[in-house]
Amino acid sequence: MKLFDGTLLAMELRRSYKGVLIWTLAISASLVMVIAIYPLVIDMYAAIPPEFYDLMAAFGGIPDTIVEYYATEGAMMLQLFGSLFAALQGFGAINRDEREKTAESLYSLPLSRMTFYCTKLLRVTLEVVFLCGVTALFSYIGFLIIDEPIDYPPFILFSVLNTLVFLVFAWLCFAMAALLKPNQKPMAAIAIPFVLYVIYTIAMMTQNEVLDLLKYITPFTFADPVEILKTDFQLEWISMTVFLGLTVFGTVAGWKAFARREFTI
Amino acid sequence: MKASHITAGVPLDVITSVNLKKYYGQARGLEDATLAVRAGEIYGFVGPNGSGKTTFIRILAGLIQSTSGSVSVLGKTPGPDSAAINKDIGYMPGESFYYPELKVRTVLSFFARERGCDDIRMRELAAILDLDLDKRIDALSFGNRKKVGIVASMLHRPQLLVLDEPTTGLDPLVQRIFLDLLREEQKRGTTVFLSSHNLTEVEKVCDRVALVKDGKILLVTTIADLVKQKHKRLVVASAADLVLPGLQKNGGNDRESYFEYRGETAPLLNLLAGANLTDVVIRDATLEEIFIGHYKRGNER
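Residues numbered from 1 in each chain as written. Chains lettered and ligands numbered in written order. Predicted model: local features only at pLDDT ≥ 70, side-chain atom pairs only at ≥ 80, totals over all residues.

Trainee: Mind showing me how you'd approach the overall build of chain A here?
Mentor: A count of helices and strands for chain A gives 11 helices and 0 strands. Going from N to C terminus, chain A has its helices and strands arranged as α-α-α-α-α-α-α-α-α-α-α. Whereas a compact globule of 265 residues would reach a radius of gyration of roughly 18 Å, chain A reaches 20 Å, a difference of no more than 12%. Projected onto its principal axes, the C-alpha coordinates of chain A cover approximately 65 × 40 × 30 Å. Counting all 265 residues of chain A, 43% fall into the buried class. Here the contacts in chain A between residues at least 6 apart in sequence split such that 82% fall between residues at least 24 apart. (Helix = DSSP H or I, 4+ residues; strand = E, 2+ residues; numbered from the N terminus. Rg over C-alpha atoms; globule rule 2.2 N^0.38 Å. Buried ≥ 20, exposed ≤ 12 C-beta atoms within 10 Å, placed from the backbone. Contact = placed C-beta atoms within 7 Å.)

Trainee: Got a minute to help me understand the nonpolar core in this structure?
Mentor: Within soluble globular proteins, side chains that are nonpolar generally end up buried alongside one another. Ranked by internal contacts, the top residues of the largest apolar core, which has 136 residues, are A:A170, A:C173, A:F174, B:L108, B:V151, B:V162 and B:F193. Among the elements that take part in this core, helix α7 (residues 152-179) of chain A stands out by supplying 17 residues, more than any other. Setting aside residues no more than four positions away along its own chain, B:F193 makes contact with B:I15, B:V37, B:Y43, B:F45, B:L160, B:L161 and B:V162. Counting residues in each nonpolar core, the second largest holds 5 residues, with B:L234, B:V236, B:Y261 and B:L268 among its members. (Core = buried A, V, L, I, M, F, W, Y, C linked by C-beta atoms within 7 Å.)

Trainee: Looking at this structure, how should I read the interface of chain B and chain A?
Mentor: One frequent convention defines the size of an interface as the accessible area lost when the parts assemble. The interface of chain B with chain A comprises 22 residues on the first partner and 20 residues on the second. Every element with two or more residues in the side of chain B that touches chain A is listed here: α2 (83-86) and α3 (104-114) of chain B. Partitioned by chemical class, the residues of the side of chain B that touches chain A number 13 nonpolar, 2 polar and 7 charged. (Nonpolar A, V, L, I, M, F, W, Y, C, P; charged D, E, K, R; others polar.)

Trainee: Looking at this structure, how should I read the confidence of the model for chain B?
Mentor: In low-pLDDT segments, the atomic positions of the prediction should not be examined closely. In the predicted model, chain B carries a mean pLDDT of 88, and the fraction of residues at 70 or more is 93%. Low confidence marks residues 1-7 of chain B, where pLDDT is under 50. Its contacts with residues over four positions away, or in another chain, come to 17 contacts. (pLDDT = per-residue confidence, 0-100.)

Trainee: Explain the sheet that holds strand β14 (residues 257-261) of chain B to me, please; I cannot follow it from the model alone.
Mentor: Hydrogen bonds between backbone atoms are what pair the strands of a sheet, whose relative direction is either parallel or antiparallel. Residue and element names in this part refer to chain B. One open sheet accounts for 4 strands, arranged β13-β14-β12-β15; its pairing is antiparallel. Every other strand in the sheet has two partners, leaving β13 (247-252) and β15 (280-284) as the edge strands with one partner each. Taking the axes of each pair of neighbouring strands and ignoring which way they run, one obtains an average angle of 20° across the sheet. With 5 bridges joining them, strand β12 (residues 232-236) and β14 adopt antiparallel strand pairing. Following the sheet pairing, K232 is matched in β14 by Y261. (Pairing = 2+ DSSP bridges. Axes fitted to C-alpha atoms, helices over the stretch in contact; angles between N-to-C directions.)

Trainee: Which parts of the structure should I look at to understand the environment of A:F243?
Mentor: Residues and elements named next belong to chain A. Along the polypeptide, F243 turns up in helix α11 (residues 237-260). Accessibility expressed as a C-beta count within 10 Å gives 24 for F243, which makes it buried. Residues F243 and I217, 26 residues apart in the sequence, show an inter-C-alpha distance of 8.6 Å. With near-sequence residues (within four places) excluded, F243 lies in contact with V168 and P219.

Trainee: Mind showing me how you'd approach the domain arrangement of chain B here?
Mentor: By the assigned domains, chain B splits into domain 1 (6-227) and domain 2 (231-284). Using C-alpha coordinates to define each centre, domain 1 of chain B is positioned 42 Å away from domain 2 of chain B. (Domains from an automatic or database assignment.)

Trainee: I keep staring at the packing of helix α4 (residues 66-99) of chain A against helix α6 (residues 113-146) of chain A and nothing clicks. Help me out?
Mentor: Two quantities define a packed helix pair, namely the angle between the axes and the distance from one axis to the other. All names here are of chain A. Axis separation between α4 and α6 bottoms out at 10 Å; the angle between their running directions is 160°. Classified by the interaxial angle, the pair formed by α4 and α6 is roughly antiparallel. Seen along the crossing, α4 lies across α6 with a hand that is right-handed. Contact residues: α4 offers I66, Y70, G74, L78, G82, F85, A86, Q89, G90, A93 and I94, while α6 offers K120, R123, V124, E127, V128, L131, T135, S139 and F143. (Parallel < 35°, antiparallel > 145°, perpendicular 65-115°, else oblique. Left-handed = near helix turned anticlockwise from the far one by under 90°.)

Trainee: Even after reading the chapter, I still don't get the pairing of β13(B), so can you show me in this structure?
Mentor: Along a regular strand, successive side chains alternate from one face of the sheet to the other. Residue and element names in this part refer to chain B. When you tally the buried positions in β13, you get 0 out of 6 residues, a small fraction of the element. Across 5 bridges, the pairing between β13 and β14 is antiparallel. Note that in β14 the partner of L247 across the bridge is Y261. In this antiparallel pair of consecutive strands, β13 and β14, the connection spans 4 residues.

Trainee: Please clarify how helix α5 (residues 142-154) of chain B should be interpreted in this entry.
Mentor: In an α-helix there are 3.6 residues to a turn, and that puts residues three or four apart on one side. A rise of 1.5 Å per residue sets the reference length of α5(B), with its 13 residues, at 18 Å; its end C-alpha atoms lie 19 Å apart and thus fit the reference within 8%. For α5(B), the tally of buried residues reaches 11 of 13 residues, placing the bulk of the element in the interior. Of all the positions in α5(B), only B:N144, B:R145, B:K146, B:K147, B:V148, B:G149, B:I150, B:V151, B:A152, B:S153 and B:M154 are classed as buried. For α5(B), the secondary structure elements touched by its buried residues are α5 (103-106) of chain A together with β7 (89-92), α3, α4 (120-129), β8 (160-164) and α6 (172-187) of chain B. (Expected span 1.5 Å × (residues − 1).)

Trainee: Please explain the packing of α4(A) against α7(A) as it appears in this structure.
Mentor: Residue and element names in this part refer to chain A. Running from amino to carboxyl end, α4 crosses α7 at an angle of 25°, the nearest separation of the two axes being 7 Å. One element, α4, and the other, α7, form an angle in the roughly parallel class. Seen from above, α4 lies across α7 with right-handed handedness. Its residues assigned to classes, the contact of α4 with α7 comprises 20 nonpolar, 7 polar and no charged.

Trainee: Any chance you could explain the environment of B:P166 here in plain terms?
Mentor: All names here are of chain B. Summarising the element assignment, P166 is placed in the loop between β8 and α6. Taking the C-alpha atoms as reference points, P166 and F178, separated by 12 residues in sequence, lie 8.9 Å from one another. Contacts of P166, omitting those with residues within four sequence positions, involve M92, I150, F178 and L194.

Trainee: Explain unusual backbone geometry to me, please; I cannot follow it from the model alone.
Mentor: Residues and elements named next belong to chain B. Phi at L74 takes a positive value of approximately 50°, unusual for a residue other than glycine. Locating L74 in the fold gives a position in the loop between β6 (68-73) and α2. In the Ramachandran plot, E165 falls in the positive-phi region, its phi being about 45° despite a non-glycine side chain. Along the chain, E165 turns up in the loop between β8 and α6.

Trainee: Can you help me understand the pairing of strand β9 (residues 191-196) of chain B in this one?
Mentor: Residues and elements named next belong to chain B. The buried count for β9 comes to 6 of 6 residues, which makes it a mostly enclosed element. Burial along β9 is two-sided: the residues T191, F193 and S195 and V192, L194 and S196 are all buried. Taken together, the 5 bridges between β8 and β9 define a ladder with parallel strand orientation. The residue of β9 that forms the bridge with V162 is F193. In the classification by handedness, the crossover that spans β8, the intervening α6 and the parallel β9 is right-handed. (Right-handed = clockwise from strand over helix to strand, strands pointing away.)

Trainee: What should I look at first to understand the environment of A:V252 in this one?
Mentor: Along the chain, the position of A:V252 falls in helix α11. Residues A:V252 and A:A175, 77 residues apart in the sequence, show an inter-C-alpha distance of 8.0 Å.

Printed below as a string of structure tokens:
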């Protein structure tokens, strides 16, 4: 049994490329703009009264370098919008055929359910990796524009871990679409990264030990840009292992449901 | 269970179903369907809305699974992993939805490649059905989308065509062309299973027909046998009762009476000649009236 079908993959990519390009270019352009205004922001930071330093520390402190600035401003924006994109792409891979009522024709093709599942999952993976690659490239271009030297290994590490976070959302929402009944609104998928992002933000802001534990229920923790892009980074192995494990479990559960899924629209 | 007899790899019964039942939770989809479709025949599946036609067809296409009973298509059991069966089936859903933002040519080429064939047959069928390949799917009328469904199902010259109300929405000219296409496919050895509301089309093209109501098959018969059941219908401009063996009154009012007649024509004409009637209409019962008679008897049971 073949896992992937090239013709189906090409058709799936063809159908979604416009949306992918729009999201990718919109996020990339925003990142470049955020980076490009860094010289102006330095002056703004210099004008902040010292009594606000503690509050700023909750968001990573006043950045000393362009990389730290990127971590607190650009990367966090990238994480929010990128995770929404990943969730929508993952959820829509199965859901869209049912919403547009093309499922009946599509699933009567001589392809196994396994081929459909794996090919659609591959498409989502490629799209997420594409978005991550292009946004990283544009960020790099942004650094070049303002001619600020950056330390590339932490930047690359962040990009890799951030891609993993997006893949976690994409695969989990993909599985969710397979587990839920047909005709669910894509809003159901958006809610997941949005809520987890808010939880992550709360966990990062607070000094409370109990609230700090919230960081373990959100995958953003293991790709925290502020932690990674600062020098004393230590990978949150627990968070990463838990969420990658959950993703594998969700994908298998999604497959079990998809293999028995009935197409009546 | 009736076994499928296999000869040279081709089952004589291309479709067999035995006591097939499908429930969607508490809702009945199909109650009890037992039938066998022989290789090379055109088989009509006729019934009113909600009778279970589409449910049965979706089970054949592997899109849904039965609750109980057994079904076999080309000697194999259809289901979620029907890839091997789907290779030899041309399936046309009742509602033809395809990727709306793409051109017809792109969509059909995709279906052709997935089925391992080139675009020659696609162009041939599009020309026969007068389908514009360069239009976007979302710019097509309902009837033209139906044509896309017909082409998609026939692209790969399948052994079995499973068509869910294929002519609904087609204009009479295209309906005729489509029925000719089906006959051509039959000549090539293709088996056709089609559901329909259109009894004229069933009569024109089908060899056998199953009548389904409330999820149950009421009757399986050949069209030839159905035609034999044809009888005369009389509308007489009188409230009077007429008495003749084979003549049965089945309604009327104070101005006219309706009769069914099974028998020779001469005694009927003699009776009518002596009855002093101001007007009389004699016509053949339509296939539809024969079916309605079966439905009524099904309800009485």
